[in-house]
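# Structural overview
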Amino acid sequence: MKLENLNIIIADDHPLFRNALRQALTTTFGDTRWYEADCADALQQLLDTDTDYDLVLLDLQMPGSHGYSTLIHLRAHYPELPVVVVSAHEDAGTISRALHYGSAGFIPKSASMETLGAALHAVLYGDIWYPQGIELIEIDDNNHEQMANKLAELTPQQYKVLQMFAEGLLNKQIAYDLGVSEATIKAHATAIFRKLGVRNRTQAVIALQQLEMEKHDIS
């Protein structure tokens, strides 16, 4: 794979970081086209276009991402698209969970630009990259694993509706924002509840929150 004419998405809610990252990587990836998303919904809008993306740089705590849920969603629906987590939290627990849920790499935001460039080269050539000296933790949590598998079954539209449930929006508001009927939202809700194995939107939101970053992940 030649690392030229790449399409890379930077998904992070901090504009200064996105700008600094893009500027720093321009020298390494000079002819790359950069795309930016400041929330999970904006990321999905980019993915809904006809552009063939080569890489996503993902912040786990971006609005709407609900911890590892957006990473899980991306790996389920865009399996050929590598996702690299770029996070300020660089403990072994966070890194281990990100790799467990399918991240092609984990780059701390404290990493030098030289390290960042080397890491992205490694991932684009098919390697898994994470910081040296990190001893990965075996992830053995059946409850989280089951919920991750269920979440992966949601279609992009169903996942978007679930995110809007988590924001506390009513069916009427969601229907208006998405430009569909309330009946369509109710149909999505029924499908979401069935796939997640829950009975109502409250239980669905609680299920989604299971994949939030845990306290030991963000310490």
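Because the structure is a prediction, the values reported are computed rather than measured. (Residues numbered from 1 in each chain as written. Predicted model: local features only at pLDDT ≥ 70, side-chain atom pairs only at ≥ 80, totals over all residues. Heavy atoms only, no water.)

## Thoughts on the overall build of the protein chain
Rules: Secondary structure follows DSSP: runs of H or I at least 4 residues long count as helices, runs of E at least 2 residues long count as strands, and numbering of each begins at the N terminus. Using a 1.4 Å probe on the protein chains alone, a residue whose accessible area is under 20% of its type maximum counts as buried, one over 50% counts as exposed, and one in between counts as partly exposed. Only the protein chains shown count as cover for residues, and the accessible areas themselves come from Shrake-Rupley with a 1.4 Å probe. Residues counted as positive are Lys and Arg, residues counted as negative are Asp and Glu, and His and the chain ends are not counted. To locate a charge, the coordinates of NZ of Lys, CZ of Arg, CG of Asp or CD of Glu are taken.
Scanning the protein chain from terminus to terminus reveals ten helices and five strands. Put simply, the protein chain has 219 residues, and 49% of those count as buried. In the form shown here, the protein chain has an accessible surface area of approximately 10700 Å², with 48% of it arising from carbon and sulfur atoms. A distance of 9 Å separates the average location of the 16 positive side-chain charges in the protein chain from that of its 29 negative side-chain charges.

## A few points about the environment of leucine 47
In plain terms, the rule: Should any heavy atoms of two residues lie within 4.5 Å, those residues are counted as being in contact.
Mapped onto the elements of the fold, leucine 47 is located in helix α2 (residues 40-47). A C-alpha to C-alpha distance of 23 Å links leucine 47 and alanine 189, two positions 142 residues apart in sequence. The contact partners of leucine 47, leaving out residues within four places of it in the chain, are Ile9, Tyr53, Leu74, Tyr78 and Leu81.

## Comments concerning empty space enclosed by the protein
What counts is decided by this rule: For each structure, a 1 Å grid was placed over the protein atoms alone; sets of points admitting a 1.4 Å probe that cannot get out are labelled cavities, open sets with protein on both sides within 12 Å along at least five of seven lines are labelled pockets, and lining residues have an atom within 4 Å of a point. Grid points are joined across faces, edges and corners, and a volume is the space filled by probe spheres set on the points. When residues are sorted by character, Ala, Val, Leu, Ile, Met, Phe, Trp, Tyr, Cys and Pro go into the nonpolar class, Asp, Glu, Lys and Arg into the charged class, and all the rest, Gly among them, into the polar class.
Scanning the entire structure with this criterion turns up one cavity of 30 Å³ or more. Every element with two or more residues in the lining of the largest cavity is listed here: α2, α3 (69-77) and α7 (156-166). The residue makeup of the lining of the largest cavity, split by class, is six nonpolar, four polar and one charged.

## Quick word on helix α10 (residues 201-209)
Test applied: It is the directions from the helix axis to the C-beta atoms whose arc is reported. Two N or O atoms form a polar contact when they lie within 3.5 Å of each other; inside protein one atom must be a possible hydrogen donor and the other a possible acceptor, and for residues adjacent in sequence the pair counts only when both atoms belong to side chains.
Those residues of α10 lying buried are Ala204, Val205, Ala207 and Leu208. Projected down its long axis, α10 shows its buried positions confined to an angular sector of 155 degrees, all on one face. The N-capping residue of α10, defined by a side-chain oxygen 3.2 Å from the backbone nitrogen of threonine 202, is asparagine 200.

## Quick look at the packing of α7 against α10
The criterion, for reference: Here an axis means a line fitted to C-alpha atoms, over the contact stretch when the element is a helix, while the angle between two N-to-C directions is reported on a 0 to 180 degree scale. Throughout this description, any angle smaller than 35 degrees is read as roughly parallel, any larger than 145 degrees as roughly antiparallel, any in the 65 to 115 degree range as roughly perpendicular, and the remainder as oblique.
Here α7 crosses α10 at 100 degrees, and the two axes come no closer than 9 Å. As judged from the angle between their axes, α7 and α10 are roughly perpendicular. Residues Leu162, Phe165 and Ala166 of α7 touch α10, and the partners they reach there are Arg201, Ala204, Val205 and Leu208. In terms of residue class, the contact of α7 with α10 is built from six nonpolar, no polar and one charged.

## Some details on the confidence of the model for the protein chain
Interpretation of the predicted coordinates at a detailed level should be avoided for regions scoring low in pLDDT. For clarity, the threshold we go by: For every residue, the predictor states its confidence as a pLDDT score lying anywhere from 0 to 100.
The predicted model of the protein chain has a mean per-residue pLDDT of 87, with 94% of residues at 70 or higher. In the predicted structure, residues 215-219 sits below a pLDDT of 50 and forms 13 contacts with residues beyond four places in sequence or in another chain.

## Describing the packing of aromatic side chains
Within a pair of aromatic rings, the relevant descriptors are the distance that separates the centres and the angle that separates the planes. Basically, it comes down to this: For this analysis, a ring pair means two rings from Phe, Tyr or Trp (six-membered ring only for Trp) whose centres lie within 6.5 Å, classed as stacked if their planes differ by under 30 degrees, edge-to-face if by over 60, and tilted for the remaining angles. In this scheme, Lys NZ or Arg CZ marks a charge over a ring once it lies within 6 Å of the ring centre and within 35 degrees of the ring normal.
Under the definition given, this model contains three aromatic pairs. Centroid distance tyrosine 68 to tyrosine 101: 5.5 Å. Interplanar angle 50 degrees. Geometry classified as tilted. Of the two residues, tyrosine 68 is situated in the loop between β3 (55-58) and α3 and tyrosine 101 in the loop between α4 (92-100) and β5 (105-108); the sequence distance between them amounts to 33 residues. Over the ring of phenylalanine 17 we find lysine 109, and its NZ or CZ is 4.5 Å from the ring centre.

## Here's the deal with the pattern of salt bridges
Rule in force here: The working definition used for a salt bridge is a side-chain nitrogen of Lys or Arg within 4 Å of a carboxyl oxygen of Asp or Glu.
A full pass over the atoms with the stated rule returns five salt bridges. A salt bridge links aspartate 41 to lysine 160, with the nearest nitrogen and oxygen atoms 3.6 Å apart. Of the two residues, aspartate 41 is situated in helix α2 and lysine 160 in helix α7; the sequence distance between them amounts to 119 residues. Note on aspartate 41: relative accessible area 28%, which makes it partly exposed. When its relative accessible area of 12% is taken as the criterion, lysine 160 is described as buried. Its salt-bridge partner being lysine 109, residue aspartate 59 comes within 3.9 Å of it at the nearest N-O pair. Linking aspartate 59 in the loop between β3 and α3 with lysine 109 in the loop between β5 and α5 (113-124), this pair joins segments that are 50 residues apart in sequence. Residue classification places aspartate 59 among the buried positions, given a relative accessible area of 7%. A relative accessible area of 24% places lysine 109 in the partly exposed class.

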